[in-house]
Amino acid sequence: MTEEMVEANTPGLLDRRQFAAGAAALAFLSLAAGPLSAQVTEPAWQQMLKNLVGDAKPIEGKVTLELPEIAENGNTVPLTVSVDSPMTPTDYVRAIHVIATENPQPGVATFRFSPLSGKASAATRMRLARTQEVIGLAELSDGRFLLGRRTVKVTIGGCGG
Amino acid sequence: MNKPRVKLPDAAKAGDLIEVKTLISHVMETGQRKDPEGKVIPRNIINSFSATFAGNEVFKADLQPGISANPYLSFFMKVPGPGEFEFTWVEDGGNKVVEKIKLNVT
């Protein structure tokens with residue numbers, strides 16, 4: 001057994017050391033971040049959208065979201081997303097991402113299509129924590145992005161907790 | 001995960017656009033809820049669904065905790081000819097349910 005392995009096999013010692021270092025780092029971070037973080041932090045859904053589109057500018061109004069105007073039960077809200085597309089091997093919708101802007105986790109689902117799909121449309125039932133805007137972001141085979149938005153009023157929120 | 005339910009048209013012709021409806025019973029535990037003792041109930045969801053027809057991918061869905069319990073999914077396919085669907089649901093931890101159904105192509 002090498003020395004390295006011996007050390008790795010004594011987790012108690014390592015844990016204490018790492019814990020102390022981690023706690024110190026955390027204390028420093030929270031001090032440094034304090035008053036600034038409120039201004040700098042953007043909503044999780046905006047970060048998610050940025051990660052998906054990169055520098056591209058999505059074309060607004062081209063993704064249709066069928067959702068009730070008022071959802072009495074946020075635990076199960078029927079959703080249909082669709083994009084008008086010929087769905088040929090050279091011109092089709094690769095994916096539609098569904099983002100719930102005010103859910104604890106904004107990512108809801110990604111539907112991935114193929115030319116075999118024939119129609120870029122999918123339906124499911126989603127959870128909505130509260131009244132909010134739902135976004136559909138479509139990725140086309142030519143690299144462009146389309147976007148659609150729809151606000152749903154939620155009477156009793158889903159997601160539990 | 002219980003046996004899923006899949007609804008296909010009784011018969012279809014090559015070139016038809018058909019709708020496929022699927023349902024599976026599952027708690028879709030979000031990982032956000034707490035039990036009466038205040039402990040977080042661990043996340044347990046179906047995180048992926050896929051459908052192939054005659055070996056070719058038709059539709060896939062990556063699912064997050066924002067999908068309701070007993071996930072319902074519907075989508076379309078332009079019938080390329082005769083063949084069999086294979087539907088796969090994958091749960092956190094890797095458990096899978098696979099269902100194969102032949103489409104009646106006339």
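Since we're looking at a predicted model, the values are computed, not measured.

*Asks:* Describe the environment of Thr 155 of chain A, with residues and values.
*Replies:* Residues and elements named next belong to chain A. Along the chain, Thr 155 falls in strand S9 (residues 145-156). For the pair Thr 155 and Ala 71, spaced 84 residues apart in sequence, the C-alpha separation works out to 6.2 Å. Leave out the neighbours within four places in its chain, and Thr 155 touches Ile 70, Ala 71 and Glu 72.

*Asks:* Give a description of the side chain of Ser 114 of chain A that names residues and reports values.
*Replies:* On the secondary structure map, Ser 114 of chain A appears in the loop between strand S6 (107-113) and strand S7 (120-126). In this structure the side chain of Ser 114 of chain A is engaged in a polar contact, spanning 3.1 Å, whose partner is the backbone oxygen of Val 58 of chain B. In contact with Ser 114 of chain A, other than residues within four places in its own chain, are Met 87 and Tyr 92 of chain A together with Glu 57 and Val 58 of chain B.

*Asks:* Please provide a residue-by-residue account of the sheet that holds strand S4 (residues 77-83) of chain A, values included.
*Replies:* In space, the six strands of this open sheet follow the order S2(A)-S4(A)-S7(A)-S5(B)-S2(B)-S1(B), with antiparallel pairing throughout. Strand pairing shows two members of the sheet lacking a second neighbour, strand S2 (64-66) of chain A together with strand S1 (5-7) of chain B, which therefore form its edges. Each neighbouring strand pair of the sheet contributes to a mean axis angle of 15°, computed without reference to strand direction. In the sheet, S2 of chain A pairs with S4 of chain A via three bridges, with the strands oriented antiparallel. For Leu 65 of chain A, the partnering residue across the bridge sits in S4 of chain A and is Val 81 of chain A.

*Asks:* Provide a residue-level description of the interface of chain B and chain A, including the pertinent values.
*Replies:* At the interface, 29 residues of chain B touch 27 residues of chain A. Taking both sides of the interface into account, the surface hidden between chain B and chain A amounts to around 2,300 Å²; carbon and sulfur atoms contribute 51%. Of all residues in chain B, the largest losses of buried area upon contact with chain A belong to Asp 62, Ser 68 and Phe 76 of chain B, amounting jointly to 22% of the total for that side. Here chain B and chain A share one salt bridge between them. We note a salt bridge from Asp 62 of chain B to Arg 112 of chain A, for which the minimum N-O separation is 2.6 Å. Those elements giving two or more residues to the side of chain B that touches chain A turn out to be strand S2 (17-23), strand S4 (56-63) and strand S5 (72-78) of chain B. The dominant element in the side of chain B that touches chain A, judged by the number of residues it contributes, is S4 of chain B, at eight residues. Among the residues forming the side of chain B that touches chain A, the class breakdown is 17 nonpolar, seven polar and five charged. As defined by bridge partners, S7 of chain A adjoins S5 of chain B across two bridges and the pair is classed as antiparallel. When the bridges of S5 of chain B are listed, Ala 123 of chain A appears paired with Ser 74 of chain B.

Criteria and thresholds
Residues numbered from 1 in each chain as written. Chains lettered and ligands numbered in written order. Predicted model: local features only at pLDDT ≥ 70, side-chain atom pairs only at ≥ 80, totals over all residues. Heavy atoms only, no water. Helix = DSSP H or I, 4+ residues; strand = E, 2+ residues; numbered from the N terminus. Contact = heavy atoms within 4.5 Å. Polar contact = N/O pair within 3.5 Å; in protein donor to acceptor, adjacent residues only side chain to side chain. Pairing = 2+ DSSP bridges. Axes fitted to C-alpha atoms, helices over the stretch in contact; angles between N-to-C directions. Buried area = accessible area lost by both parts, 1.4 Å probe. Salt bridge = Lys/Arg side-chain N within 4 Å of Asp/Glu carboxyl O. Nonpolar A, V, L, I, M, F, W, Y, C, P; charged D, E, K, R; others polar.

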